Amino acid sequence: MPAKVDMDKIVSLCKRRGLIFPSSEIYGGLASCWDYGPMGVELKRNVKEAWWKVVVHERDDVVGLDTSIMMHPGVWAASGHIDNFTDPLVECKSCHLRWRADAIEGQRCPQCSGELTEPRMFNLMFKTFMGPVEEEASLVYLRPETAQGIFVNFENVVTTSRKKLPLGIAQIGKSFRNEITTGNFIFRTREFEHMELEYFVKPGTDKEWLDYWVKERFDWYVKLGIRKENLRLRQHGKDELAHYAKDCYDIDYLFPMGWSELEGIANRGDFDLTQHAKCSGKELSYYDAEAGEKYVPYVIEPSAGVDRSVLAFLIDAYEEEEIEGEKRTVLHLHPSLAPIKVAVLPLSRNEKLTPLAKEVFKQLCPSFVTDYDDSQSIGRRYRRQDEIGTPFCVTIDFESLEDKQVTIRERDSLAQIRVPIGELNKVIEAKLKGEAFDASTLWATREK
Ligand code: GAP
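Residues numbered from 1 in each chain as written. Predicted model: local features only at pLDDT ≥ 70, side-chain atom pairs only at ≥ 80, totals over all residues. Heavy atoms only, no water.

Chemist: Break down the layout of surface pockets for me, citing the residues and quoting the values.
Modeler: Looking at the largest pocket, its volume works out to about 1,500 Å³. Along the wall of the largest pocket there are 49 residues; nearest its centre are Arg100, Arg177, Arg188, His236 and Glu261. For the lining of the largest pocket, the elements supplying multiple residues, two or more each, are helix H4 (81–84), strand E4 (86–91), strand E10 (191–201), strand E11 (231–235), strand E12 (247–255), strand E13 (258–269), strand E16 (298–305) and helix H9 (306–317). Here the element with the most residues in the lining of the largest pocket is E13; it accounts for eight residues. One number sums up the size of the second largest pocket: a volume of about 620 Å³. (1 Å grid on protein atoms, 1.4 Å probe; cavity = no way out; pocket = protein on both sides within 12 Å on 5 of 7 lines; lining within 4 Å. Points joined across faces, edges and corners; volume = space filled by probe spheres on them. Helix = DSSP H or I, 4+ residues; strand = E, 2+ residues; numbered from the N terminus.)

As structure tokens, this is what we get:
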């Protein structure tokens, strides 16, 4: 099934509208590094907030954590990342390009058909030195997953939160992987953000909790607007499971380059707590007062990429359509993800309209992320807001000076309703929550 939009169109929209820029662009950029612009930072924050809201705030069995990026090197020996977090690397003997052996087809270089070297295992963790001396003893790694910060704090969190199992600990933060091949915009980069939940359960209940979290996470994307037909579940074969996993499902999305992983939900068993207990010498078990027994919990881990989610939301929301003979590009983003919720647009930069328009802006901005734009024609300003997915535009015209009413235009249907300024916040709030965009309520009258 062909994907509906080229990645080039998404990259170009992101650059044009201040969503995502190439990193260090004035120096020619840095491979696979990207910067989130004024609109991108809002979108990314909204994705993280939407995750935190349902995974942490709306539950009484999950708490949050924010751990350091650099950790004791012993953590990575215990977790198996020093020995196992590797990809097979081959190099072309002619053009010297490097490839992940398991990601290319055939035995020759995909670039020039040259002969390839034998594969060697390449560790994906970035190394650096802590302190002024660059020696083996001061070697530290940038974390390749946020999960280990959670495992090594298991005891701290259980003791201080006074929660019983099942208990989840959630974290959002940067991870780093020295990927051999990157690409497809922000899909695979060397620096990215993880949204990870480690959900600790009693052994024997792990299978049912894995099923539970697979469904929860799949539904999260659908609730936030991703079309079901663009998502699929895929169970890992035994040969592709990570070194720590007993079982794993990927939620795949139909990206422009084909079906690719969006999120992984793994059953990590008791691998991590057992390893850390063994290597640190600290007991990491749980006393279950109800069952009157002590055990090492099993862990179910939904692990999502923030950047990859942002990309999927952008692609799924993107549409080009023709309105009265004119092309319109629109992002049908879910209102909770849209960078700007409402734009205030005076019909023109007329000195009579400006004070009222500014007043409306001031009234809205403490409650909603609001944009004010009075440059260029109203049509162009609508298009600009459509391209960044702003759900509502509020227009102030000369009639507004008389009747103290403004027009709200809805992004997807292009329908317009006229609303008293005094009711505006209430109306926008209701519409953002999904109330039908019509004049069914008393204060609104539909525009012709
Ligand atoms: N703690 C488990 C873990 O990290 P993973 O499958 O390696 O599992 C989880 O990563 C998610 O993190 C992926 O599904 C993807 O969304 C994101 N991710 C992983 N590597 C990435 C990279 N190089 N660039 C962007 N996102 C990445």
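Chemist: An account of helix H13 (residues 424–432) is requested, with residue identities and associated values reported.
Modeler: In an α-helix there are 3.6 residues to a turn, and that puts residues three or four apart on one side. For H13, the full list of buried residues reads Leu424, Asn425, Val427, Ile428, Lys431 and Leu432. Viewed along the axis of H13, the buried residues span an arc of 165 degrees, placing them on a single side of the element. (Buried < 20%, exposed > 50% of the residue type's maximum accessible area, 1.4 Å probe, protein only. Arc of directions from axis to C-beta.)

Chemist: Lay out the environment of Thr181 with the relevant residues and their values.
Modeler: Considering the arrangement of structural elements, one finds Thr181 in the loop between strand E9 (167–176) and E10. Residue classification places Thr181 among the partly exposed positions, given a relative accessible area of 27%. In this structure, the C-alpha to C-alpha distance between Thr181 and Lys127, residues 54 residues apart in sequence, is 18 Å. With sequence-adjacent residues up to four places away left out, Thr181 is seen in contact with Arg98, Trp99, Arg100 and Arg188. (Contact = heavy atoms within 4.5 Å.)

Chemist: Run through the sheet that holds E4, naming residues and quoting values.
Modeler: With antiparallel pairing, three strands are arranged side by side in an open sheet as E5-E4-E6. Each edge of the open sheet is held by one strand with a lone partner, namely strand E5 (98–100) and strand E6 (120–123). On average, each strand axis in the sheet is tilted by 50 degrees relative to the strand beside it, whichever way the strands run. As paired strands, E4 and E5 are joined by three bridges and run antiparallel to one another. Bridge assignment links Val90 to a residue of E5, and that residue is Trp99. (Pairing = 2+ DSSP bridges. Axes fitted to C-alpha atoms, helices over the stretch in contact; angles between N-to-C directions.)

Chemist: How would you summarise the environment of His243 if you had to cite specific residues and measurements?
Modeler: Structurally, His243 can be placed in the loop between E11 and E12. Here His243 falls in the partly exposed class, since its relative accessible area comes to 29%. The sequence separation of His243 and His194 amounts to 49 residues, and the corresponding C-alpha distance is 19 Å. Among residues more than four places away in sequence, those in contact with His243 are Ser79, Gly80, His81, Asn84 and Phe271. Within the structure, His243 has its side chain in polar contact with the backbone oxygen of Ser79 (distance 2.8 Å). (Polar contact = N/O pair within 3.5 Å; in protein donor to acceptor, adjacent residues only side chain to side chain.)

Chemist: Could you give me a rundown of the site of the ligand, with the residues and numbers involved?
Modeler: The local shell around the ligand holds 19 residues, among which Glu145, Arg177, Thr189, Glu196 and Glu261 are the closest. At a separation of 3.4 Å, a nitrogen atom of the ligand approaches a polar backbone atom of Phe187. Interatomic distance of 2.5 Å between a side-chain N/O atom of Glu261 and an oxygen atom of the ligand. Burial of the ligand by the protein amounts to 91% of the accessible area it has alone, namely 550 Å². Its atoms largely coinciding with the cavity grid, the ligand occupies the largest pocket. For the shell around the ligand, the elements supplying multiple residues, two or more each, are E10, E13 and E16. The element best represented in the shell around the ligand is E13, accounting for five residues. The class makeup of the residues in the shell around the ligand is four nonpolar, five polar and ten charged. (Near = heavy atom within 4 Å. Areas by Shrake-Rupley, 256 points an atom, 1.4 Å probe, with all protein chains shown as cover. Sits in = over half its atoms within 2 Å of the grid points. Nonpolar A, V, L, I, M, F, W, Y, C, P; charged D, E, K, R; others polar.)

Chemist: Could you give an account of the sheet that holds E12, naming the residues involved and the relevant values?
Modeler: Strand pairing in a sheet is mediated by backbone hydrogen bonds. Such pairs are either parallel or antiparallel. Judged by pairing direction, the sheet is mixed, and its seven strands sit side by side in the order E3-E9-E10-E16-E13-E12-E11 without closing on themselves. Of all strands in the sheet, those bounded by a partner on one side alone are strand E3 (62–64) and E11. Strand after strand, the sheet turns through a mean of 25 degrees between neighbouring axes, direction not considered. By the bridge criterion, ten bridges tie E9 to E10 in an arrangement that is antiparallel. Bridge pairing in E10 places Leu167 opposite Phe200. In the packing of helix H2 (residues 38–57) onto the sheet, contacts are made with E3, E9 and E10, and the angle to E9 comes to roughly 160 degrees.

Chemist: Can you tell me about the pattern of salt bridges, naming the residues and giving the values?
Modeler: Summed over all chains, the structure comprises 42 salt bridges. Ionic pairing is found between Asp374 and Arg349, a salt bridge with its closest N-O pair at 3.2 Å. Of the two residues, Asp374 sits in the loop between strand E20 (370–372) and helix H11 (378–388) while Arg349 sits in the loop between strand E19 (342–346) and helix H10 (353–364), which places them 25 residues apart along the sequence. Taking the relative accessible area as the measure of exposure, Arg349 reaches 56% and is therefore exposed. With a closest N to O distance of 3.0 Å, Asp386 and Arg409 form a salt bridge. Pair noted here: Asp386 is in helix H11 and Arg409 is in strand E22 (residues 405–410), with a separation of 23 residues, a long-range link. The class for Asp386 is buried, based on a relative accessible area of 0%. Owing to a relative accessible area of 4%, Arg409 belongs among the buried residues under this scheme. (Salt bridge = Lys/Arg side-chain N within 4 Å of Asp/Glu carboxyl O.)

Chemist: Help me get a handle on the packing of H2 against H9, residues and values and all.
Modeler: Between H2 and H9, whose axes approach to 10 Å, the crossing angle comes to 110 degrees. Considering their axes alone, H2 and H9 lie roughly perpendicular with respect to each other. Between H2 and H9, the contacting residues are Leu43, Lys44, Val47 and Lys48 on the first element and Val306, Asp307, Ser309, Val310, Phe313 and Leu314 on the second. Along the lines of polarity and charge, the residues of the contact of H2 with H9 split into six nonpolar, one polar and three charged. (Parallel < 35°, antiparallel > 145°, perpendicular 65-115°, else oblique.)

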